[in-house]
Amino acid sequence: MSIDVRPATVFEDVRAVLGPKSPGANVCWCLSYRVPSKVNKELRGPARGAYVAELCRTGPPPGVLAHDGDEPVGWAAVAPRADTSFARNRKIPHVDDLPVWSLWCVRVRPGHRKQGISHALIAGAVEFARSRGAPAIEAYPLDNGDARVDLTMAYAGLRRNFERAGFVHAADTTSVLAGHPRVLMRLDLR
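Per chain, residues are indexed from 1 in the order of the written sequence. With pLDDT at 70 or above as the cut-off, local features in this predicted model cover only qualifying residues; side-chain atom pairs require 80 or more to be listed or tallied, and sums for whole chains, interfaces and linings still use all residues. Hydrogens and water molecules were not included; the side-chain quantities draw on all heavy atoms of the structure.

## Observations regarding the sheet that holds strand β7 (residues 180-188)
Working step 1: Strands sit in the order β1-β2-β3-β4-β5-β7-β6 across an open sheet of 7 strands; the sheet is mixed. The open sheet is flanked by β1 (3-7) and β6 (168-177), the only strands paired with a single partner. Strand-to-strand twist in this sheet, taken as the mean axis angle between neighbours without regard to direction, amounts to 25 degrees.
Working step 2: Think of it this way: DSSP has to see at least two bridges between two strands before they count as a pair. Strands here mean DSSP runs of E at least two residues long; helices mean DSSP runs of H or I at least four residues long; both are numbered from the N terminus. Both strand β3 (residues 71-80) and strand β4 (residues 101-108) contribute to a ladder of 7 bridges, which runs antiparallel. In the strand pairing of β4, Pro80 is matched with Trp101.
Working step 3: When checking whether two residues touch, look at their non-hydrogen atoms; a contact exists if any pair is within 4.5 Å. Where helices are involved, their axes are fitted lines through C-alpha atoms of the stretch in contact, as for all axes, and angles between N-to-C directions lie from 0 to 180°. Across the face of the sheet, helix α1 (residues 11-18) comes into contact with β2 (63-68), β3 and β4 while running at roughly 100 degrees to β3.
Working step 4: In the packing of helix α4 (residues 117-131) onto the sheet, the strands contacted are β1, β2, β3, β4, β5 (136-139) and β7, and the crossing angle to β4 comes to about 150 degrees.

Rendered as structure tokens:
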């Protein structure tokens, strides 16, 4: 298997990883941190997918996708922190005033897990941010130690996977997800 990670410019590929089985379902589409809370609440059902389709068309791409051949098998959301709710989040601190990018969601499709795809997605998201001039990239993964994490809530990633990718612990947060504290991990790209 050869995994290729590239910018998420093809909406059908994004839909394959993030979209609902039922077109009218109200799923996240990885928008909850990308758009203001009011907009997030207003976007319902198919409007959420339409919003993501527009992001794919107009750019910059809303993240990166991992492909096994032509099949999309994973997703990572990455964008300038200033363009996300992390710019205003009271539970996740700002370490300094650098215009960092945020990496907040890593998702691998069922049937493709435990094959290193999440590691490829993290590396691909780092390269995506670096190629667009990011001085650093942050992630806010779960600090779960050896405890099991519900796969639904593991979207934030796991601390050890970010450490493996060269990220370092930059700060503790007061954010908790699925019963696990989240930490701020950072990789300097300068």
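## Structural notes on the nonpolar core
The tendency in soluble globular proteins is for nonpolar side chains to be buried as a group.
Working step 1: Put simply, buried Ala, Val, Leu, Ile, Met, Phe, Trp, Tyr and Cys residues joined by side-chain atoms within 4.5 Å make one nonpolar core. Under the scheme applied here, a residue whose accessible area is under 20% of the maximum for its type counts as buried, over 50% as exposed, and between as partly exposed, the area being computed with a 1.4 Å probe on protein chains only. One finds Val14, Trp75 and Trp104 to be the most contacted residues of the largest nonpolar core, which totals 33 residues.
Working step 2: Contributions of two or more residues to this core are made by α1, α3 (46-58), β3, β4 and β6.
Working step 3: Formed by 25 residues, the second largest nonpolar core is a distinct cluster that contains Val78, Trp101, Val108 and Ile117.

## Digging into the pattern of salt bridges
Working step 1: For salt bridges, the criterion is a side-chain nitrogen of Lys or Arg within 4 Å of an Asp or Glu carboxyl oxygen. By the definition in use, this model includes 12 salt bridges.
Working step 2: Residue Arg159 pairs with Glu163 through a salt bridge whose shortest N-O separation is 2.9 Å. Of this pair, Arg159 and Glu163 both sit in helix α5 (residues 159-164), 4 residues apart, which is roughly one turn of that helix.
Working step 3: A single salt-bridge network, built from bridges that share partners, covers Arg81, Asp96, Glu138 and Arg186.

## Let's talk about the layout of surface pockets
Working step 1: In this structure, the largest pocket spans a volume of roughly 1300 Å³.
Working step 2: Every element with two or more residues in the lining of the largest pocket is listed here: α1, β4, α4 and α5.
Working step 3: Top contributing element to the lining of the largest pocket by residue count: β4, with 5 residues.
Working step 4: Using only the protein atoms, space was sampled on a 1 Å grid; points where a 1.4 Å probe fits but cannot get out form cavities, open sets with protein on both sides within 12 Å along at least five of seven lines form pockets, and lining residues are those with an atom within 4 Å of a point. Grid points are joined across faces, edges and corners, and a volume is the space filled by probe spheres set on the points. Taken as a whole, the second largest pocket holds about 190 Å³ of empty space.
Working step 5: As for the second largest pocket, its lining consists of Ser32, Tyr33, Val35, Pro36, Ser37, Asn40, Ser85, Arg88 and Asn89.

## Brief notes about the packing of aromatic side chains
Working step 1: Working definition: rings of Phe, Tyr and Trp (its six-membered ring) pair if their centres are within 6.5 Å, and the pair is stacked with planes under 30 degrees apart, edge-to-face with planes over 60 apart, and tilted otherwise. If you walk through the whole model with that rule in mind, you get 6 aromatic pairs.
Working step 2: Ring geometry for Phe86 against Trp104: centres 6.1 Å apart, planes inclined by 50 degrees, an arrangement best described as tilted. Note that Phe86 is positioned in the loop between β3 and β4 and Trp104 in strand β4, a separation of 18 residues in sequence. Accessibility classification places Phe86 together with Trp104 in one group, the buried group.

## Some words on empty space enclosed by the protein
Empty space left among the atoms is revealed by rolling a probe the size of a water molecule over them.
Working step 1: If you walk through the whole model with that rule in mind, you get 1 cavity of 30 Å³ or more.
Working step 2: If you go around the largest cavity, the residues you meet are Leu18, Trp29, Cys30, Leu31, Arg34, Val52, Leu55, Pro62 and Trp75.
Working step 3: Classifying every residue of the lining of the largest cavity gives 8 nonpolar, no polar and 1 charged. Amino acids are sorted into nonpolar (Ala, Val, Leu, Ile, Met, Phe, Trp, Tyr, Cys and Pro), charged (Asp, Glu, Lys and Arg) and polar (every other residue, Gly among them).

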